[in-house]
Amino acid sequence: MMALDRKWIAREMDRWKVRGLSVVTVREGSEPEFHCLGSSDPAGSHGTNLETRYPIASLSKAFTALSVGILVDRGEIGWDDKVADHWPDAPFESQAWFAHATFRDLLLHRVGLPLHNLYWVNSTRSFQALASDAVFLTKTRSFRERARYQNITYLLAGYLVEKISGLSWREFLRKSVLDPLAMTRTGFGLKGEVSKPSFARAQSLEGGTWKPAGLLNVDSILPAAGLVSNITDMGAWIGFFLDRGKASGKTVVDEKIVHELIQPQAIPEGNSPGKEGPVSGFGMGWVSEMFRGHHLVCHTGATNGNCLAGFIPDKKTGVAVLSNALPDNPICRIVAYQALGSTLGLEPFPWSDTFREKTARIGEDYFEGQKKIRRTYRKTGTRPSHDLAEYAGEYRNPQYGKIEITVQRGGLRAALNGIRYHLEHFHFDQFEFDCEMGGFGGLLSFHYDNLGRIQSVLIPLEPAVDDLCFLKIK
Amino acid sequence: MMSIDLKEMESWLAEFVSGQQELWGIPGAAVAVLLDSEPYLTRYSGTASKTSGQPVTAQTLFPISSCTKGMTATALALLAEEGLLDWERPIRHTIPEFRMADPFASENMTALDLLCHRSGLPNHNFAWANSRFGYRDVLSRLPHIKPSQGFRSTWQYQNLVFTVAGCLIERLSGRPWETFMREELLSPLGMDQVRFGIEREGLPISETFLSAGHTAIAVPPLDIQSIAPAGSLLATLEDLEHWLKFNLDNDGSTLSQKGLEYLWEPRVIVPLQSAYPERSTQCVGLGWVVEHYRGERIIWHDGAINGCAFVGFIPAKGCGVAVLGNKTFDSRFCKAVAFQIFESFLGDGSIHWPEILLKEASQEAKDQAEGLRGIQVDHERHKRPKTSPSHDLEEYTGVYEDMGYGEIRIEKKDGGLRVDLNGLGFTLSHYHYDVFELRSEVLPFLGLGTFQTDVFGNISGVLLPLEPKAAPIEFRKKTKGNG
């Protein structure tokens, strides 16, 4: 009995406008069931197959968490050891939250940091450099008050694996995880991948043609979102968790470590009680949720593609779905839920319709809505205090780095980590900024010193904290 | 509206509760069921006092112990709504002398932390059971109570920390905890029969019974004034009907619905996997446990000191249950009754909670006995032969003190030593050198206590592992002999 029907998958891909997808269903005692449909490239000349390489984005977090788990298993660290004790030359003050953070805290998203995505998106700095400076980013919550999904503490965890093991994170992962699991086709970052025909390029259907989406450089965020893999390897990955730490019958890590990784331990902020349980809980690299009365351990990934890995430990069944759909596409959940439901012998459930309703309800783009609200308090008849040329220059924030502001075609432009923003005068010294990649914008303010020189710009790059201050340095 | 036949339900409940009393050995019990947010059924049965032969009535006061927590938490919510309390502001801003053993916790602890059992402290039950401290003394004792986990790192049930909520209410409102509770919460809700535990004389309070073989014997209640805001209230079934009605059908005149539901938000995951697919992972909110049963959210708490109690409700269904019993140290009778009632509303009756809980109880007893045997075997294995105490037994006697736990008295008894901790007895029998085996006279507790000698050669203190999860408690010797 197959878990999935190819024709059904093809219909769903059509319905949700997905070009290429690979899925594996893993069940104890039987061979994994693979389906690869559609094509990997926009031209449609390469069909997906078992070797098609997908960015697995945030599924990478479980690999980093397991790396830490392996160090715990070896007795080199404890889950609840203070990280600072294993990083004696750490560049921070003792009163920083970091002085109290444990390895568990880093992996449970509960140190109080919000996303701060623009801190690392497209950054060309090394993840080691980003990890050290991240300690000084502004927090939104008191330490361990609530858990909030983000990427930065996974950088720190990856960085610490290097510090403690003496190997680079890649080498460590290769030797301790990927090789023992025979995940030989799993690699790091997009360098050299994009040009390969077997690479599944994120794309969307626009006006009847498939257009490749812009790719984000994830080299700076490898331990949180940088792995690239194929569906064969992901089948081995799920099998390893179903076998509670074993690969081909050999113990890679003690099952206690696996248990610890998948156990729900922290409640995400904004958690709203569902029908099946009071919480979805963060494990380490995994999220624990209820799926039709079963405890499902799951994670999704949505950078440069769209993917999901999940398994139900009690039922020894799991699934991985890799696709080149855009990040907001629900296809992976629909396919995964269908596979799990059918494996568990549950009544079919109309997941696709459910997600269609949900997607429809989200409605208007959030940032478009914000723009409309802003219009209501815009003061009319004002102008910038200075000539536009005086705003141009280089600005610096100690964590986020440099922003370059230039005058182009009579307006201001800004660029951070190669991502460009269009600035439009709003009122007084406030400008409305729009990310050229779409989906992000807000109001920034310039400030001048008492000698009348433009001194700084305040930008809400992380909406959860106060505007970030960039001082003009040139 | 649920389609349940009142007559049928009434006779089912009567028979079921009597059967459960029999099964769990509960001399007297009271049960209330609310449907559509209104009192629907009550059941009183058995004896409140064997001494006087008084039956359980609508006026019988039962110790509701930890069911008090939801009420104290609600009192804080009232202060938050008035703008006097900021849930996420460190307590130090209001109580400057507030301290924990961990300075990081001292600085960062908030009202939320007080109520959701994540302070880093384990139970430390012997620090408050029968203690003669008042609840306000918790502020001077807490800095000396040892943590076993990092601040906010995990769930550990804790009464002393919860007690600080009472102090916070007093500082913020300018009224003692009891007065504030009475004036702002209990009276407005019509919970007029509630008593604060210290008032006992002449009141129709149920006796406390303890299992003794196949019977239940009346025992003096434990003094729990030292954790009053966490567990000292006495209430009648009628009071709890008012309380459930308020939680199910809040008219907003005392507290907004938003303020009420803030208490039900899951905040900390109880790190125990649910053994039953129908029940989800348990979480704690503020003064409440939050879980899902057959897809519905249940908010509940139980209590098991000086009696047993359960208060729980299903907000989406307008259904509530209160169960009171007078046997102490185990709330499984109450849970069996309450969850079977929930099962009859939410399920098809295919789950039999009494059976499940009975099995759980016997497993727990077995595990406990095995645990003790394991410790015993360990002790035998490590015992150094042919050693003796360094001093005459007489020199070990006297009054000892720990700043967190208070005073203990050590006396000679039956050729060994006996510890009196707030009227709770422990024996100390020589193990090796200056190490003694510490055994509770009533509870399944076994550990090793070590006496210390100072540079002058006098017995100066004793380390007792009264909280096995934390470092041993260091009692310093205050006086010699009986002094």
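Rules and cut-offs
Residues numbered from 1 in each chain as written. Chains lettered and ligands numbered in written order. Predicted model: local features only at pLDDT ≥ 70, side-chain atom pairs only at ≥ 80, totals over all residues. Helix = DSSP H or I, 4+ residues; strand = E, 2+ residues; numbered from the N terminus. Rg over C-alpha atoms; globule rule 2.2 N^0.38 Å. Buried ≥ 20, exposed ≤ 12 C-beta atoms within 10 Å, placed from the backbone. Contact = placed C-beta atoms within 7 Å. Pairing = 2+ DSSP bridges. Expected span 1.5 Å × (residues − 1). Core = buried A, V, L, I, M, F, W, Y, C linked by C-beta atoms within 7 Å. Domains from an automatic or database assignment. Nonpolar A, V, L, I, M, F, W, Y, C, P; charged D, E, K, R; others polar. Axes fitted to C-alpha atoms, helices over the stretch in contact; angles between N-to-C directions. Parallel < 35°, antiparallel > 145°, perpendicular 65-115°, else oblique. Left-handed = near helix turned anticlockwise from the far one by under 90°. pLDDT = per-residue confidence, 0-100. Arc of directions from axis to C-beta.

Asks: When you look at the overall build of chain A in this model, what are you seeing that I'm missing?
Replies: Helix and strand counts for chain A stand at 14 helices and 22 strands. Over its C-alpha trace chain A gives a radius of gyration of 23 Å, about what one expects of a compact globule, namely 23 Å for 474 residues. Here chain A holds 474 residues, and 46% of them are scored as buried. In chain A, the proportion of contacts linking residues at least 24 apart, taken out of those at least 6 apart, comes to 61%.

Asks: Quick question: what am I supposed to make of the overall build of chain B here?
Replies: When its secondary structure is counted, chain B shows 13 helices and 20 strands. Overall, the C-alpha framework of chain B stretches about 75 × 50 × 45 Å when taken along its three principal axes. Taken across its 483 residues, chain B has 47% of its residues classed as buried. If you take every contact in chain B between residues at least 6 apart in sequence, the share linking residues at least 24 apart comes to 62%.

Asks: Can you help me understand the pairing of strand S9 (residues 289-293) of chain B in this one?
Replies: When a strand is regular, its side chains alternate between the sheet's two faces. Residues and elements named next belong to chain B. The buried fraction of S9 amounts to five of the five residues, a majority that puts the element mostly inside the structure. Both faces of S9 are covered, namely the face carrying Val289, Glu291 and Tyr293 and the face carrying Val290 and His292. Across two bridges, the pairing between strand S8 (residues 283-284) and S9 is antiparallel. Note that in S9 the partner of Cys283 across the bridge is Val290. From the end of S8 to the start of S9, which pair antiparallel, there are four residues, and Gly287 there has a positive phi angle of about 80°.

Asks: Honestly, helix H12 (residues 353-382) of chain B in this entry has me stumped. Any pointers?
Replies: Side chains that are three or four residues apart share a direction in an α-helix, a result of its 3.6 residues per turn. The end-to-end C-alpha separation of H12(B) is 43 Å, in line with the 44 Å expected for 30 residues at 1.5 Å each. Here H12(B) lies mainly on the outside; two of its 30 residues are buried.

Asks: I tried to follow the nonpolar core on my own but got confused; where do I start?
Replies: Proteins that are soluble and globular tend to have nonpolar side chains buried together. Ranked by internal contacts, the top residues of the largest apolar core, which has 268 residues, are A:Val23, A:Leu155, A:Ala320, A:Val321, B:Ala309, B:Ala322 and B:Val323. If we skip the residues at most four places from it in the chain, A:Val321 touches A:Leu21, A:Val23, A:Cys307, A:Leu308, A:Cys332, A:Val335 and A:Ala336.

Asks: What's the story with the domain arrangement of chain B in this structure? I'm lost.
Replies: Interfaces are often sized by the accessible area lost when the parts come together. Residue and element names in this part refer to chain B. What the domain assignment reports for chain B is domain 1 (6-351) and domain 2 (393-480). On the side of domain 2, 14 residues touch domain 1, which itself brings 16 residues to the contact. Residues that form the side of domain 1 that touches domain 2 fall into these classes: seven nonpolar, six polar and three charged.

Asks: Help me understand the interface of chain A and chain B in this model?
Replies: Chain A puts 20 residues into the contact, and the matching count from chain B is 18 residues. Classifying every residue of the side of chain A that touches chain B gives seven nonpolar, eight polar and five charged.

Asks: What am I meant to see in the domain arrangement of chain A here?
Replies: Residue and element names in this part refer to chain A. The domain boundaries assigned to chain A delineate domain 1 (6-362) and domain 2 (368-472). Relative placement of domain 1 and domain 2: their C-alpha centres are 34 Å apart. The interface is formed by 14 residues belonging to domain 1 together with 13 residues belonging to domain 2. Its residues assigned to classes, the side of domain 1 that touches domain 2 shows seven nonpolar, six polar and one charged.

Asks: Is there a simple way to think about the packing of helix H11 (residues 332-346) of chain B against H12(B) in this case?
Replies: Axis angle and axis distance: for two packed helices, these are the angle between their axes and the distance between the axes, and together they describe the pair. All names here are of chain B. Their axes nearest at 8 Å, the elements H11 and H12 cross at an angle of 150°. As summarised for this structure, H11 and H12 are arranged roughly antiparallel, according to the angle between their axes. Between H11 and H12 lies a crossing whose hand is right-handed. For the pair formed by H11 and H12, the contact residues are Arg332, Lys335, Ala336, Phe339, Gln340 and Glu343 on the first element and Trp353, Pro354, Leu357 and Ala361 on the second.

Asks: I tried to follow the sheet that holds strand S12 (residues 319-325) of chain B on my own but got confused; where do I start?
Replies: Residues and elements named next belong to chain B. The antiparallel open sheet is built from eight strands, whose spatial order is S2-S1-S12-S11-S10-S9-S8-S7. Each of the sheet's edge strands pairs with one partner strand only, and the pair in question is strand S2 (38-46) and strand S7 (268-269). The sheet strands contacting helix H9 (residues 237-248) are strand S1 (28-35), S2, strand S11 (308-314) and S12, and the helix crosses S1 at an angle near 25°. In the packing of H11 onto the sheet, contacts are made with S1, S9, strand S10 (296-303), S11 and S12, and the angle to S12 comes to roughly 160°.

Asks: Would you explain the confidence of the model for chain B in this entry?
Replies: Any region with low pLDDT has predicted coordinates that should not be read closely. Across chain B, the average pLDDT comes to 94, with 98% of residues at 70 or higher. Across the predicted assembly, pTM comes out at 0.89 and ipTM at 0.81.

Asks: Could you clarify how one ought to interpret helix H10 (residues 255-262) of chain A in this entry?
Replies: Residue and element names in this part refer to chain A. Along H10, the residues that are buried comprise Ile257, Val258, Leu261 and Ile262. Around the axis of H10, the buried residues are gathered within 120° of arc, so they sit on the same side. Where H10 is buried, its residues contact helix H2 (60-73), helix H9 (231-242), strand S11 (287-291) and strand S12 (294-301).

Asks: I keep staring at unusual backbone geometry and nothing clicks. Help me out?
Replies: Among all residues save glycine, negative phi is the norm, and among peptide bonds the norm is trans. Residue and element names in this part refer to chain B. Of note, Ser37 is a non-glycine position whose phi angle comes to about 65°, a positive value. For Ser37, the location among the structural elements is in the loop between S1 and S2. Its identity as a non-glycine residue notwithstanding, Phe329 has a phi of 75°, on the positive side. Examined against the element boundaries, Phe329 turns out to sit in the loop between S12 and H11. In this structure Phe329 comes out as partly exposed when scored by C-beta crowding, with 15 C-beta atoms within 10 Å.

Asks: Can you walk me through the sheet that holds strand S16 (residues 401-408) of chain A in this structure?
Replies: Strands pair in a sheet through their backbones, by hydrogen bonds, and they do so in one of two ways: parallel or antiparallel. All names here are of chain A. One closed barrel accounts for eight strands, arranged S15-S16-S17-S18-S19-S20-S21-S22; its pairing is antiparallel. On average, adjacent strands in this sheet sit at an angle of 30° to one another, irrespective of strand direction. Two strands pair when backbone bridges link them, and strand S17 (residues 411-416) and strand S18 (residues 419-427) are joined in this way by five bridges, in the antiparallel orientation. Residue Ala415 lies in a different strand from S18, and its bridge partner there is Arg420.

Asks: Could you clarify how one ought to interpret the environment of B:Pro354 in this entry?
Replies: All names here are of chain B. Looking at the element boundaries, Pro354 is found in helix H12. Judged by the 19 C-beta atoms lying within 10 Å of it, Pro354 is partly exposed. For the pair Pro354 and Phe333, spaced 21 residues apart in sequence, the C-alpha to C-alpha distance is 7.8 Å. Residues in contact with Pro354, not counting those within four places in the same chain, are Gln20, Leu23, Ala336 and Gln340.

Asks: Would you mind showing me how to read the pairing of strand S22 (residues 468-472) of chain A here?
Replies: Residues and elements named next belong to chain A. Of the two faces of S22, the one holding Leu468, Phe470 and Lys472 is buried and the one holding Cys469 and Leu471 is not buried anywhere. Direction of pairing for strand S21 (residues 454-459) relative to S22: antiparallel, over a ladder of four bridges. For Val457, the partnering residue across the bridge sits in S22 and is Phe470.

Asks: When you look at the environment of A:Gly245 in this model, what are you seeing that I'm missing?
Replies: Residue and element names in this part refer to chain A. In this fold, Gly245 is placed in the loop between H9 and strand S8 (246-247). Since 21 C-beta atoms lie within 10 Å of it, Gly245 is described here as buried. The spatial distance from the C-alpha of Gly245 to the C-alpha of His259 is 9.2 Å, given a sequence separation of 14 residues. Once residues within four sequence positions are removed from consideration, Gly245 is found in contact with Thr251, Val252, Val253, Asp254, Glu255, Ile257 and Val258.

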